[in-house]
Amino acid sequence: MTARSKHRRGAARVAALLAIPLAAAVALTGCSGNDTLPEQWKDGGGKGYISGDGSSVSIPPAERKDPVEYSGKTEDGSTFGSKQTLGHVTVVNFWYAGCAPCRVEAKDLNTAQQEFAPKGVEFVGVNTRDQAAQAQQFSEEFGVKYPSILDVEGDRGVQRAFAGAIPLNATPVTLVLDTEGRVAHRVLGQLADAGQLRSMLNETLAEKTQ
């Protein structure tokens, strides 16, 4: 094979990769930690896919943005949204059944839910890919007791509502909202362990007494 033919084959391969449709790109486990991506999403863009790295961000109360309003249908057909959790510290976890890090961190979320639900903390999942049957099977397999909104059709309204806080289609992502519904903490990627979430929740709960 000549050098010229090798070059042509390489160029064709790059062109084919660039032609992968958005749906295939979204099928990657996670997306960019580049926080310009939420704005690109709002503008209709889809760029910069890389895996979440487990990095965490904590936002002081004075620097938090407006409360996030969201609502959607859960796996059992009921409606769940921000109005039900207003006034409570809330954990929002973005996941789907085939996401390996989501499956690993499920036990840590369950541990935190069992510990903090008696303290008034609410938990809700946002399923970014599955239909109801898959979501229900996951909940049964991993003992998940809190609801998950199916945010896979239409304009992905819940994910768009949080577009100022999370990168495009990133999964998993865990957010802690304060009692006003503002994002106080974010973990982009798999939780390190239940202790990481415990620390964020204790810190946010302590704000209520300050």
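Above this text sits the structure in question.
Definitions and cut-offs
- Counting of residues starts from 1 at the beginning of each chain's written sequence and follows it residue by residue.
- Local features in this predicted model are restricted to residues of pLDDT 70 or higher, and side-chain atom pairs are both shown and tallied only at a pLDDT of 80 or more, whereas totals for entire chains, interfaces and linings draw on every residue.
- The side-chain values count all of the structure's non-hydrogen atoms but skip hydrogen atoms and water molecules.
- Only Phe, Tyr and Trp rings are paired, with Trp represented by its six-membered ring, and only when their centres lie within 6.5 Å; those with planes under 30 degrees apart are stacked, over 60 edge-to-face, the remainder tilted.
- Helix numbering and strand numbering both begin at the N terminus, where a helix is a DSSP run of H or I of at least 4 residues and a strand a DSSP run of E of at least 2.
- Burial classification: accessible surface area is computed with a 1.4 Å probe over protein chains only, and a residue below 20% of its type maximum counts as buried, one above 50% as exposed, and the rest as partly exposed.
- Counted as over-ring charges are cases with an Arg CZ or a Lys NZ within 6 Å of the ring centre that also lie within 35 degrees of the ring normal.
- Note that a disulfide, as used here, is simply two cysteine sulfur atoms within 2.5 Å.
- What we call a nonpolar core is a set of buried Ala, Val, Leu, Ile, Met, Phe, Trp, Tyr and Cys residues that are connected through their side-chain atoms within 4.5 Å.
- Should any heavy atoms of two residues lie within 4.5 Å, those residues are considered in contact.

**Q** Which parts of the structure should I look at to understand the packing of aromatic side chains?
**A** Per the stated rule, a full pass over the model turns up five aromatic pairs. Between Phe94 and Phe162 the ring centres are 5.7 Å apart and the planes differ by 85°, which places this aromatic pair in the edge-to-face class. Here the residue Phe94 occupies a position in strand β4 (residues 90-95), and Phe162 occupies one in the loop between α6 (157-161) and β7 (173-177), the gap between them amounting to 68 residues. Grouping residues by exposure puts Phe94 and Phe162 together as buried. Ring plane angle 35° and centroid distance 4.4 Å describe the contact between Trp95 and Phe138, whose orientation is recorded as tilted. Of the two residues, Trp95 is situated in strand β4 and Phe138 in helix α5 (residues 132-142); the sequence distance between them amounts to 43 residues. Just as Trp95 is buried, Phe138 falls in that class too. Here the aromatic residues Tyr70, Phe94 and Phe162 are joined through ring pairs into a cluster of three or more. Above the face of the Tyr96 ring, Arg129 is positioned so that its terminal group lies 3.8 Å from the ring centre.

**Q** Sorry, what's going on with the state of the cysteines here?
**A** If you walk through the whole model with that rule in mind, you get one disulfide. Note that Cys99 is cross-linked by a disulfide to Cys102, the S-S spacing being 2.4 Å. With the S-S bond torsion at 75°, the cross-link from Cys99 to Cys102 turns out right-handed. Looking at Cys102, the relative accessible area reads 3%, which means it is buried.

**Q** Would you take a moment to explain the nonpolar core for this structure?
**A** Nonpolar side chains tend toward joint burial in soluble globular proteins. One finds Val91, Phe116, Val121, Phe123, Val176, Leu197 and Leu201 to be the most contacted residues of the largest nonpolar core, which totals 24 residues. Counting only elements with at least two residues in this core, the list comes to β4, α4 (100-116), α5 and α7 (194-206). Of the residues forming this core, the biggest block, five residues, is contributed by α4. If sequence neighbours within four positions are ignored, Phe116 has contacts with Val121, Phe123, Arg198, Leu201, Asn202 and Leu205. Ile149, Phe162, Ala165 and Leu175 belong to the second largest nonpolar core, which has 18 residues in total.

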